[in-house]
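One letter stands for each residue in the lines below.
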Amino acid sequence: MNTSELSLRERDARVIAEIGRLRFSPLSLVGGRGNRLIEEGGREVLDLSGSAGPAILGYGHPAIVEAVERSVRDMAGASLLLYPNEPAVSLAEELLAITPGEGERRVWFGHSGSDANDCAVRVLQAATRRSRFISFIGSYHGNLSGSMGISGHTAMTHTLPRPGVVLLPYPDPFRPQFSADDVLALLDYQFETTCPPDQVAAIFIEPLMSDGGLIVPPPGFLFGLQERCRRHGIKIVVDEVKVGLGRSGLMHCFQHEGLTPDLVVFGKGLGGGLPLSAVVGPSEIMDHAPAFALLTTAGNPVATAAGGAVLKTIASENLAARSARTGKLFTDGLRALGAKYEMIGDVRGRGLAVGVDLVADRQTREPVPATTTAKIIYRGYQLGAAFTYVGLKANVLEFMPPLTLSEDEAAEGVAIVGQSIEDVLAGKVSDKDVASFMMW
Ligand SMILES: *Cc1c(COP(=O)(O)O)cnc(C)c1O
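This structure is a prediction, so every number in the text was calculated from the model and none was measured.

**Section: the environment of alanine 67**
So, step 1. Within the element layout of this structure, alanine 67 appears in helix α2 (residues 62-75).
So, step 2. On the accessibility criterion, alanine 67 (9% relative accessible area) is buried.
So, step 3. Apart from the residues lying within four places of it in its own chain, the contact partners of alanine 67 are Ala305 and Ala309.

The following block contains the structure:
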């Protein structure tokens, strides 16, 4: 058959493997503009997910376009492994300037949050001569072997954690099965028994657990954890890949928790859509061994020029403060929907990282079935907004819109979410409609 007769979706199904895709809705793209995605046929859809993070400035932002165009025209293809290039060095300088930390520090560049966390694991193991790590049940640090090995998301139960990893529960204030004190006590007990702390290189922390359910940790928990780890010489790694760079309302999400990380990992929004990640850390760790995290095109001038444009725009447009403001409007709007719909159990987040926890029963807080979440997303798509879900029970609507979202767009988004819930309650979406969009 001539492929021109097929839809993008049909062509996709023939050539791109199902394995590992998260297709939440029938949305197929032919373009993007501002904070909107353009689907096949030309309809514009408000993007409330920022494509899961990279679209931090939306689509076609002139600052990124201009920086990338310039870089593509001159030295695209130049490898940072062989020669320093201006955009990469400038971006590293800028990252060091915006990331708190003392002493000599270095920046490593990669292509994705996954390779950055892989690099962090390897460099920490080599530099500390300790091979164990601590992480959290529900955490997502990436989908390459090293980063998967320190993750605890249910989507990864096909791949075992690295031997020796301790996965702690992440305390969830809405479903307080384990309090902050419980988790700290559990860690102390691990240290006393099966996990001697002098074997532990580092703890990997999501300062706001994203894929595990958009969970804001209880106040003081992460700080207490940092104290415990510091006492034992365990390094603190903060994974800012999804919630960093202004999204939370501050430049770094860990600043809400008063953390002073040893290593900070960036990705997603950093490249504004181009593949780019970074690890920032002390030179005694980062310079530990030459040539052991080499990726030929990492730190390439095109991606790092985009990164420079992203950081410059976040500063010049004051996007962290704007995210706090727009995020509050958006969150308040969603909370107001809670007065109308019992299904909304909790609305939480920081800035423009927002989650809506959907419950079957407000008393027991039992999560809705995943099909219900999927139906709301499907209906949202039909009504003109793109968003996704997260959570170990697939019951949390996730909103990570571009930080450039306007107040009007925030209100538009709230209205669509409300109408989607209304329509799903009225039975306007069937199980069959969402059967192909049940991903995790
Ligand atoms: C998405 C994500 C990663 C992995 O980033 P990729 O770009 O998908 O490799 C790592 N950590 C967190 C917290 C993430 O959300």
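**Let's talk about the domain arrangement of the protein**
So, step 1. With domains assigned, the protein is organised as domain 1 (3-60 + 318-437) and domain 2 (64-316).
So, step 2. Computed from C-alpha coordinates alone, the two centres of domain 1 and domain 2 are separated by 26 Å.
So, step 3. Contact residues are listed per partner, giving 37 residues for domain 1 and 38 residues for domain 2.
So, step 4. Summed over both partners, the interface of domain 1 with domain 2 comes to about 2800 Å²; 62% of that surface belongs to carbon and sulfur atoms.
So, step 5. Of all residues in domain 1, the largest losses of buried area upon contact with domain 2 belong to Arg350, Arg365 and Leu392, amounting jointly to 26% of the total for that side.
So, step 6. Where domain 1 touches domain 2, the interface holds three salt bridges.
So, step 7. Between glutamate 398 and lysine 242 there is a salt bridge, and its shortest N-O distance comes to 2.9 Å.
So, step 8. Summed over the shared surface of domain 1 and domain 2, the result is 18 residue pairs in polar contact (both at pLDDT 80 or more).
So, step 9. Listing elements by their share of the side of domain 1 that touches domain 2, those giving two or more residues are α10 (319-338), β11 (344-350), β12 (353-361), β13 (366-367) and β16 (396-399).
So, step 10. The dominant element in the side of domain 1 that touches domain 2, judged by the number of residues it contributes, is β12, at six residues.
So, step 11. Its residues placed into classes, the side of domain 1 that touches domain 2 shows 20 nonpolar, 10 polar and seven charged.

**Re the sheet that holds strand β9 (residues 263-266)**
So, step 1. Here we have seven strands laid out as an open sheet, ordered β4-β10-β9-β8-β7-β5-β6, and mixed in their pairing. Across the chains shown, the open sheet's two edge strands, defined by having one partner strand only, are β4 (105-110) and β6 (166-168). Shown here is a sheet whose adjacent strand axes are inclined to one another by a mean of 20°, direction ignored.
So, step 2. Note that strand β7 (residues 200-205) and strand β8 (residues 235-239) share four bridges and pair parallel. Considered in β8, the bridge of isoleucine 203 is made with isoleucine 236.
So, step 3. Helix α4 (residues 113-128) rests against β4, β5 (132-136), β7, β8, β9 and β10 (277-282) of the sheet, and its axis sits at about 155° to β7.
So, step 4. Against the sheet, helix α7 (residues 221-231) contacts β5, β6, β7 and β8, and its axis sits at roughly 170° relative to β7.

**Focus: the pattern of salt bridges**
So, step 1. On inspection of all chains with the given rule, the structure shows 23 salt bridges.
So, step 2. Ionic pairing is found between aspartate 357 and arginine 348, a salt bridge with its closest N-O pair at 3.0 Å. Assigned by exposure class, aspartate 357 and arginine 348 land together as buried.
So, step 3. Among the charged side chains, a salt-bridge network with shared partners connects Arg175, Asp346, Arg348 and Asp357.

**Some points on the state of the cysteines**
What makes a disulfide is a covalent bond joining the sulfur atoms belonging to two cysteines.
So, step 1. Within this structure, the stated rule accounts for zero disulfides.
So, step 2. Of all cysteine sulfurs in the structure, the one in cysteine 195 sits closest to cysteine 229, which takes part in no disulfide; the separation is 9.8 Å.
So, step 3. With no disulfide of its own, cysteine 253 lies closest to cysteine 229 among cysteine sulfurs, the gap being 18 Å.

Calculation notes
Residues numbered from 1 in each chain as written. Predicted model: local features only at pLDDT ≥ 70, side-chain atom pairs only at ≥ 80, totals over all residues. Heavy atoms only, no water. Helix = DSSP H or I, 4+ residues; strand = E, 2+ residues; numbered from the N terminus. Buried < 20%, exposed > 50% of the residue type's maximum accessible area, 1.4 Å probe, protein only. Contact = heavy atoms within 4.5 Å. Domains from an automatic or database assignment. Buried area = accessible area lost by both parts, 1.4 Å probe. Salt bridge = Lys/Arg side-chain N within 4 Å of Asp/Glu carboxyl O. Polar contact = N/O pair within 3.5 Å; in protein donor to acceptor, adjacent residues only side chain to side chain. Nonpolar A, V, L, I, M, F, W, Y, C, P; charged D, E, K, R; others polar. Pairing = 2+ DSSP bridges. Axes fitted to C-alpha atoms, helices over the stretch in contact; angles between N-to-C directions. Disulfide = S-S within 2.5 Å.

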